[in-house]
Amino acid sequence: LILGNIEIYPETKTKDILEVFPNPASKCFTVKSMYLEKGGILQLINMQGQNLLQENISSGTINHEVDVSGLQKGIYLVRFKSGNGNEAMARIVVN
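Residues numbered from 1 in each chain as written. Predicted model: local features only at pLDDT ≥ 70, side-chain atom pairs only at ≥ 80, totals over all residues. Heavy atoms only, no water.

Explain the overall build of the chain here, please?
From N to C terminus, the chain includes 1 helix and 9 strands. Along the chain, helices and strands appear, N-terminal first, in the series β-β-α-β-β-β-β-β-β-β. Out of the 95 residues in the chain, the part that is buried amounts to 37%. The long-range fraction of contacts in the chain, counting pairs at least 24 apart against all pairs at least 6 apart in sequence, stands at 56%. Carbon and sulfur atoms form 47% of the exposed surface of the chain, whose accessible area is close to 5,800 Å². (Helix = DSSP H or I, 4+ residues; strand = E, 2+ residues; numbered from the N terminus. Buried < 20%, exposed > 50% of the residue type's maximum accessible area, 1.4 Å probe, protein only. Contact = heavy atoms within 4.5 Å. Areas by Shrake-Rupley, 256 points an atom, 1.4 Å probe, with all protein chains shown as cover.)

Laid out in structure tokens, this is it:
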């Protein structure tokens, strides 16, 4: 599936690369990935392809918490770009 210029992989392909939990989330969720350790940029993107949140992740991080309490209910994409060029995405449902 391609959304704008973003390719979305099935959950089974990205599950081991980028985990988001709890899913669905109402106040916050945690992102866990081996790629976070290298540092990089975490983005939260809506289904229209708009970047709603961008956070710099420091190297050495394993888990990162994201506050979604101010977002409308819906489906969002979590995108992480590591400092060494790796990229991973996952879906999160906000309710």
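There's more to say after this.
Before we go on, may I ask you to explain the sheet that holds strand β3 (residues 19-21) in this structure?
Sheet strands line up and pair through hydrogen bonds in the backbone, either parallel or antiparallel. Taking strand neighbours across the sheet as the criterion, the 3 strands line up as β3-β4-β7 in an open arrangement whose pairing is antiparallel. The sheet is open, and its two edges are formed by β3 and β7 (63-67), each paired on a single side. For this sheet, the mean inter-axis angle between neighbouring strands, taken without regard to orientation, is 25°. Note that β3 and strand β4 (residues 28-32) share 3 bridges and pair antiparallel. By the bridge assignment, Glu19 is partnered in β4 with Lys32. (Pairing = 2+ DSSP bridges. Axes fitted to C-alpha atoms, helices over the stretch in contact; angles between N-to-C directions.)

What am I meant to see in the sheet that holds strand β9 (residues 87-94) here?
Spatially, 4 strands are ordered β6-β5-β8-β9 in an open sheet, and the strand pairing comes out antiparallel. Only two strands of the sheet have a single partner each, and these edge strands are β6 (51-57) and β9. Averaged over all neighbouring strand pairs, the angle between strand axes comes to 20°, with direction disregarded. Bridge analysis of strand β8 (residues 74-82) against β9 gives 8 bridges, and the strand direction is antiparallel. The residue bridging Tyr76 from the neighbouring strand is Ile92, located in β9.

Just checking my understanding: could you explain the environment of Ser58 for this structure?
The topology assignment puts Ser58 in the loop between β6 and β7. Assessed through its relative accessible area of 52%, Ser58 is described here as exposed. In this structure, the C-alpha to C-alpha distance between Ser58 and Gly40, residues 18 residues apart in sequence, is 6.9 Å.

Interpretation note: all reported values are geometric properties and have no functional meaning in isolation.
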